[in-house]
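Here is what each chain is made of, one letter per residue.
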Amino acid sequence: MAETATTRRSRLTPEREAELYDAVLDLLREVGYDSLTMDAVAARTRSSKATLYRQWGGKAELVARAIRHHKPVDMGTVDTGSLRGDLQAMTTRQDDCEMEQNSALMRALGMAVHANPDLLTALREWLVEPELAEMRQVVQRAVDRGEVRADNAAIDYVLHMIIGAFVARTMIDDEPPTQAFLSSYIDAVVLPALVA
């Protein structure tokens, strides 16, 4: 019997998938994106390269999905009843140590996308687009509650502002982003832009 053109992905248990994602992020932090290989992931996780390629297609998707997997909360599901509450809840998704590690990781990936268009594509698909969709839900709820005018030009830039805070904190202040910094940034920059 001939094999069909569409190959079915084998099902991994959630525990095994989480283990693989942990290993990918550990390797990524150790060697960086360019030096990360599927061979190294296979060795670290006691997997075959064929399994990794069958599940994720390649390094770029595997890395992007590992990062997405470790995103602690779907902001679209957080509804505190106010825009400020929803945005402030975002600052508590990670403790300061996790935030520093993830900020360093995202800066490194930000550099790697210049030489790896497949990484940029995967990050957009697995991180940027879902984050934008979640942020649109948060802001739309604020519009529906009357907290934000629907024609406010800042609506399309909320995620830009928040990502900018992460980048600027390290570049300008030479300090990692923290919960306290993000909380004050939201109150000083994001909310005034949206409720003006």
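Provided above is the structure to which this section pertains.
Just so we're clear, the structure is a prediction, and the values are computed from it rather than from any experiment.

Calculation notes
- Residues numbered from 1 in each chain as written.
- Predicted model: local features only at pLDDT ≥ 70, side-chain atom pairs only at ≥ 80, totals over all residues.
- Heavy atoms only, no water.
- 1 Å grid on protein atoms, 1.4 Å probe; cavity = no way out; pocket = protein on both sides within 12 Å on 5 of 7 lines; lining within 4 Å.
- Points joined across faces, edges and corners; volume = space filled by probe spheres on them.
- Nonpolar A, V, L, I, M, F, W, Y, C, P; charged D, E, K, R; others polar.
- Helix = DSSP H or I, 4+ residues; strand = E, 2+ residues; numbered from the N terminus.
- Polar contact = N/O pair within 3.5 Å; in protein donor to acceptor, adjacent residues only side chain to side chain.
- Buried < 20%, exposed > 50% of the residue type's maximum accessible area, 1.4 Å probe, protein only.
- Contact = heavy atoms within 4.5 Å.
- Phe/Tyr/Trp six-rings, centres within 6.5 Å; stacked < 30°, edge-to-face > 60°.
- Salt bridge = Lys/Arg side-chain N within 4 Å of Asp/Glu carboxyl O.
- Core = buried A, V, L, I, M, F, W, Y, C linked by side-chain atoms within 4.5 Å.
- Axes fitted to C-alpha atoms, helices over the stretch in contact; angles between N-to-C directions.
- Parallel < 35°, antiparallel > 145°, perpendicular 65-115°, else oblique.

Trainee: Which residues make up the layout of surface pockets, and what values go with them?
Mentor: Estimates place the volume of the largest pocket at around 1100 Å³. The wall of the largest pocket is formed by 35 residues, among which Met106, Leu127, Glu131, Ile163 and Phe166 lie closest to the centre. Per-class residue counts for the lining of the largest pocket are 21 nonpolar, eight polar and six charged.

Trainee: Account for the side chain of Glu134, naming residues and giving values.
Mentor: Along the polypeptide, Glu134 turns up in helix α7 (residues 117–144). Within the structure, the side chain of Glu134 is placed 2.6 Å from the side chain of Arg68, a separation counted as a polar contact.

Trainee: Lay out the environment of Leu182 in plain terms, naming residues and giving numbers.
Mentor: By secondary structure assignment, the location of Leu182 is in helix α9 (residues 179–195). The buried category is assigned to Leu182, whose relative accessible area is 6%. Sequence separation of Leu182 and Met106 is 76 residues, and the distance between their C-alpha atoms is 16 Å. Dropping the residues within four chain positions of it, Leu182 is found in contact with Thr91, Met99, Ala165 and Phe166.

Trainee: Can you explain unusual backbone geometry? Please cite residues and give values.
Mentor: In this structure, Arg46 is a non-glycine residue whose phi angle is positive, near 55 degrees. If you trace the backbone, Arg46 turns up in the loop between α2 (38–45) and α3 (49–56). Overall, Arg46 belongs to the exposed group, its relative accessible area being 64%. Notably, Asp174 is not glycine yet its phi reads approximately 55 degrees, a positive angle. Along the chain, Asp174 turns up in the loop between α8 (158–173) and α9. Residue Asp174 is classed as exposed on the basis of its relative accessible area, which comes to 68%.

Trainee: Please provide a residue-by-residue account of the packing of aromatic side chains, values included.
Mentor: Using the criterion set out here, one finds two aromatic pairs in the structure. Each ring, one from Tyr21 and one from Trp56, has its centre 5.7 Å from the other, and the planes form 65 degrees; the classification is edge-to-face. Remark: Trp56 occurs in helix α3 and Tyr21 occurs in helix α1 (residues 14–31); sequence separation between them is 35 residues. With respect to burial, Tyr21 and Trp56 carry one shared label: buried.

Trainee: Describe the pattern of salt bridges, and please don't skip the residues or the numbers.
Mentor: Under the counting rule described, the total for this entry stands at 17 salt bridges. Within the structure, one salt-bridge network assembled from shared partners comprises Asp79, Asp86, Arg141, Arg145 and Glu147.

Trainee: Give a detailed account of the nonpolar core, specifying residues and quantitative values.
Mentor: Counting 27 residues, the largest nonpolar core has Leu28, Tyr33, Val63, Ile67, Leu109, Leu119 and Leu123 as its most contacted members. Taken together, the elements giving at least two residues each to this core come down to α1, α2, α3, α4 (59–69), α6 (96–112) and α7. Every residue in contact with Val63, bar those within four places of it in the chain, is listed here: Val24, Leu28, Tyr33, Leu36, Leu109 and Leu119. Of all hydrophobic cores here, the second largest spans 26 residues; its members include Met75, Val143, Tyr185 and Leu194.

Trainee: Can you lay out the environment of Ala50 for me, pointing to particular residues and giving the numbers?
Mentor: Within the secondary structure, Ala50 sits in helix α3. By relative accessible area, Ala50 is classed as partly exposed at 47%. Through-space distance from the C-alpha of Ala50 to that of Met38 is 9.5 Å; in sequence the pair is twelve residues apart.

Trainee: Any details on the packing of α1 against α4? Residues and values, ideally.
Mentor: One can describe the packing of α1 onto α4 by two numbers: an axis separation of 9 Å at closest approach and a directional angle of 110 degrees. In terms of orientation, α1 and α4 fall into the roughly perpendicular class. Where α1 approaches α4, its residues Glu17, Ala18, Tyr21, Val24, Leu25 and Leu28 are matched on the opposing element by Leu62, Val63, Arg65, Ala66, Ile67 and His69. When grouped by side-chain class, the residues that make up the contact of α1 with α4 number nine nonpolar, one polar and two charged.

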